[in-house]
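# Chains, contacts and geometry: an overview
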Amino acid sequence: MLILGLNMFHADASAAIVVDGEVKFAIAEERLNRHKHFGGFPVLAIKACLDAVGAKISEVDHVAVGQDSDANLAKKVQYALANPAKILNFIHLRHRKEAMRDVRSLTANALDVDPAQLKFQEHHLEHHIAHIASAYYCSPWEKAAGFSFDGSGDFVSTMTARCQGNDIEVLDRVYLPHSLGSFYTMICEFIGYTKYGDEGKVMGLAPYGKETYCDLIAKIVRPKGEGLELDLSYFKPLGSNQGMEVLPDGTVRLARHFSDRMEKLFGEPRQPHTEIAQRDMDLAYAMQHRFEEIFFYLLNHLHARVPLDDLAMAGGCALNSVANGKIFDRTPFRRTYIQPAAGDEGLAIGAALHTYHSVLKQPRRDDLKHSYLGPEFSESRIQSALQRAGLEASKLDRATLLNQTAEQIAAGNVVGWFQGRMEWGPRALGNRSIVAHPGLPNMKHVLNARIKHREWFRPFAPSILAEYQPEYFEHDHPSPFMLHVYKIRPEKRKELCAVNHVDDTGRLQTVAREENPMYYDLIAAFQRKTGIPVILNTSFNENEPIVCTPEEAIACFQRTKMDVLAIGPFLVSKPGHREEATATVSIGKTDV
Ligand SMILES: [Fe+2]
């Protein structure tokens, strides 16, 4: 049975294909059309899914969309009637959503086939149920508490659920305009991070701040019952799409979230790309602090209703790895399964698996242990891409490739590491990664100056051999998808200085050999040379979506000051940059 899952006309449009209950392939459209957070129709992703399993669209039995414009309609109408200025906008959105519901015509047009050939049944699933489904059905558990939270989706910002067997029973929803995600976005915008998806950057700024504004910021969002409420006087009215708009070309744009009241309290908002003042850092601190307080309040209430050890969680806010790392200290939950694509691209998997298990009542399958669900490329394709780029490469056997690459990392070089299937979700997890020595004091600055050009305050992440996690980190719950931040043990902070954030934490990826043998063996080879079972891992890109193809990896390698590229069995060196690895690079406290 073939089920195609879709997230479409929404940020991070994506497609996933599920064959007899197994997720065979999944990809966000941005990786193929190179348009960051693309929010249109994922035509290239659909084609890639079908190609991956050798199927035609006419053979697909079900198409499931992680969006249901009829969900929570009464609440939407109630909101529109209470906000007359929004009624026209509401009617416009309804019309647009009606047009989008015709998945059959959209698919037939995009793939240039006769609609009469399409036999699939169409399913629409409410946004947050699709998020919870993406986590629960990929988890190893027969029962779990389900939790989803983000800015908004189908007029809801937060959902709790009891998951058991094939069923997800919704317990509670927080309706717009009340949203913990919108609270976070509003403050990020105020301190100059105004683009969709900037929230993850500001999380790294928070530890530089002090408690100055915690009391003031706490007034903006408060617990209410089992949910939360915003003080709306701090917000501009955001409408039923909570200030997020998808433009006709698929660009996702955010409206200004904060009201004049924020300016009266905190002064002028910071303009993007200007110096970051202590006030901005203190606001970031207070924002993360309050986010965590409300998050744990919600989780503790959920645990009271679903008193289990296991938590299946998704939604854009579930990418807050700092908060995720504290779940075990601040709530009774003992295990988490957070879907690698916890943001909206993950809706494609959630909708497809919900159709299989909940609608069609098919039995559960093995859990999803890894995120390598994207495309891979043959050795001949890689070889011809290298030749076309005019690069001389050595073809090495596996052991030699691992040994020489580890040697390059140990020597302080920056290595592009392109192997196997691309990761699903926003994190590079060892197949489309740039890797480097985690223990060189200047490595963060070298990476930023040469390749990544990121904000000075953003940390780089460590990948660690799974069995060494307790020796290096203060928590032993695994973090296979780089979605938990833990304290690094005091005696290991110097050894990991390039990945040790200002608050002595690291957003680790736990690497188990059965999940990615090639990457595991690379770290093990590095350990044999240095004694450190950890490497620095950052995504293989330069201010663009993570590279997908060999050609994109080679182009990134050539235009940046990366030293070495290990791509498939080939190793390519670029001499002439090593002297910078130990040089001091000065970066001011502005962003880029
Ligand atoms: Fe979402």
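### Let's talk about the overall build of the chain
Counting its secondary structure elements, the chain contains 21 helices and 23 strands. Against the 2.2 N^0.38 benchmark of 25 Å for 592 residues, the chain shows a C-alpha radius of gyration of 23 Å, consistent with a compact globule. Based on the C-alpha atoms only, the size of the chain along its principal axes is roughly 65 × 60 × 45 Å. Classification of the 592 residues of the chain by burial places 60% in the buried group. Summarising the internal contacts of the chain: among those between residues at least 6 apart in sequence, 72% fall at separations of at least 24. A total accessible area of about 22,000 Å² is found for the chain, and carbon and sulfur atoms account for 50% of it.

### What to know about the sheet that holds strand S18 (residues 461–465)
Reading across from one edge, S15-S23-S22-S16-S17-S21-S18-S20-S19 is the order of the nine strands in this open sheet, with mixed pairing throughout. Two strands bound the open sheet, and with one partner strand each, they are strand S15 (394–395) and strand S19 (484–487). Sheet analysis places strand S22 (residues 564–567) next to strand S23 (residues 570–573), joined by four bridges and oriented antiparallel. By the bridge assignment, Ile567 is partnered in S23 with Phe570. Seen against the sheet, helix H15 (residues 379–388) touches S15, S22 and S23 and runs at an angle of roughly 20 degrees to S23. Against the sheet, helix H19 (residues 517–530) engages strand S16 (415–418), strand S17 (432–436), S18, strand S20 (505–511) and strand S21 (534–539), with an angle of about 135 degrees to S21.

### Topic: the environment of His178
Note on placement: His178 falls in the loop between strand S8 (167–175) and helix H7 (180–190). Counting along the chain gives 153 residues from His178 to Phe25, while the straight-line C-alpha distance between them is 35 Å. Residues within four places of His178 in sequence aside, it is in contact with Ser157, Leu228, Glu229, Leu230 and Leu232.

### Concerning the coordination of the iron ion
Protein ligation of the iron ion involves His127 (NE2), His131 (NE2), Asp150 (OD) and Asp344 (OD), the donor distances falling in the range 2.0 to 2.2 Å. In this structure, the iron ion is coordinated by four donor atoms arranged in irregular fashion, with angles at the metal of 88 to 158 degrees. Here the donor residues of the iron ion share one chain and are spaced in sequence as H-x3-H-x18-D-x193-D. Here His127 and its partner His131 are both found in helix H6 (residues 127–136), four residues apart, which amounts to about one turn of the helix. Accessibility expressed as a relative area gives 0% for His131, which makes it buried.

### Comments concerning unusual backbone geometry
Pro177 follows Leu176 through a cis peptide bond whose omega is 5 degrees. By the element assignment, Pro177 lies in the loop between S8 and H7. Although it is not a glycine, Phe9 sits at a positive phi angle of roughly 50 degrees. Note that Phe9 resides in the loop between strand S1 (2–7) and strand S2 (14–19). For His453, which is not glycine, the phi torsion reads 50 degrees and is therefore positive. By the element assignment, His453 lies in the loop between helix H17 (443–452) and S18. The class for His453 is partly exposed, based on a relative accessible area of 27%.

### Brief notes about the packing of helix H16 (residues 398–410) against H19
Their axes nearest at 8 Å, the elements H16 and H19 cross at an angle of 55 degrees. One finds that H16 runs oblique with respect to H19. Crossing geometry of H16 relative to H19 is assigned as right-handed. Here H16 contributes Arg398, Leu401, Leu402, Asn403, Thr405, Ala406, Glu407, Ile409 and Ala410 to the contact with H19, which in turn contributes Pro517, Met518, Asp521, Leu522, Ala525, Phe526, Lys529 and Thr530. Here the contact of H16 with H19 is composed, by residue class, of 10 nonpolar, three polar and four charged.

### Thoughts on the packing of H15 against helix H20 (residues 550–559)
Orientation of H15 relative to H20, taken along the N-to-C sense of each, is 35 degrees, at an axis distance of 9 Å. Relative to H20, H15 is oriented so that their crossing is right-handed. From H15, Arg381, Ile382, Ala385, Leu386 and Arg388 reach across to H20, where they touch Pro550, Glu551 and Ile554.

### Some details on helix H14 (residues 347–359)
Taking burial as the measure, the 13 residues of H14 include 12 buried ones, the bulk of the element. The positive-phi residue at the C-terminal boundary of H14 is Lys361, with phi of around 60 degrees.

### Structural notes on the side chain of Thr158
Note that Thr158 resides in strand S7 (residues 156–164). Engagement of the side chain of Thr158 in a polar contact is seen with the side chain of Ser157, the distance being 3.3 Å. Ignoring anything within four residues of it in the chain, the contact list for Thr158 reads His128, Phe147, Ser148, Phe149, Asp172, Arg173, Val174, Leu228 and Leu298.

### Description of the confidence of the model for the chain
In the predicted model, the chain carries a mean pLDDT of 93, and the fraction of residues at 70 or more is 94%. Here residues 579–592 is modelled with pLDDT under 50, and outside its nearest four sequence neighbours on either side it reaches 33 contacts, counting other chains as well.

Rules behind the numbers
- Residues numbered from 1 in each chain as written.
- Predicted model: local features only at pLDDT ≥ 70, side-chain atom pairs only at ≥ 80, totals over all residues.
- Heavy atoms only, no water.
- Helix = DSSP H or I, 4+ residues; strand = E, 2+ residues; numbered from the N terminus.
- Rg over C-alpha atoms; globule rule 2.2 N^0.38 Å.
- Buried < 20%, exposed > 50% of the residue type's maximum accessible area, 1.4 Å probe, protein only.
- Contact = heavy atoms within 4.5 Å.
- Areas by Shrake-Rupley, 256 points an atom, 1.4 Å probe, with all protein chains shown as cover.
- Pairing = 2+ DSSP bridges.
- Axes fitted to C-alpha atoms, helices over the stretch in contact; angles between N-to-C directions.
- Donors = N, O, S within 2.8 Å, 3.2 Å for Na, K, Ca; no water.
- Tetrahedral: all angles 85-135°; square planar, octahedral: opposite > 155°, others 65-115°.
- Parallel < 35°, antiparallel > 145°, perpendicular 65-115°, else oblique.
- Left-handed = near helix turned anticlockwise from the far one by under 90°.
- Nonpolar A, V, L, I, M, F, W, Y, C, P; charged D, E, K, R; others polar.
- Polar contact = N/O pair within 3.5 Å; in protein donor to acceptor, adjacent residues only side chain to side chain.
- pLDDT = per-residue confidence, 0-100.

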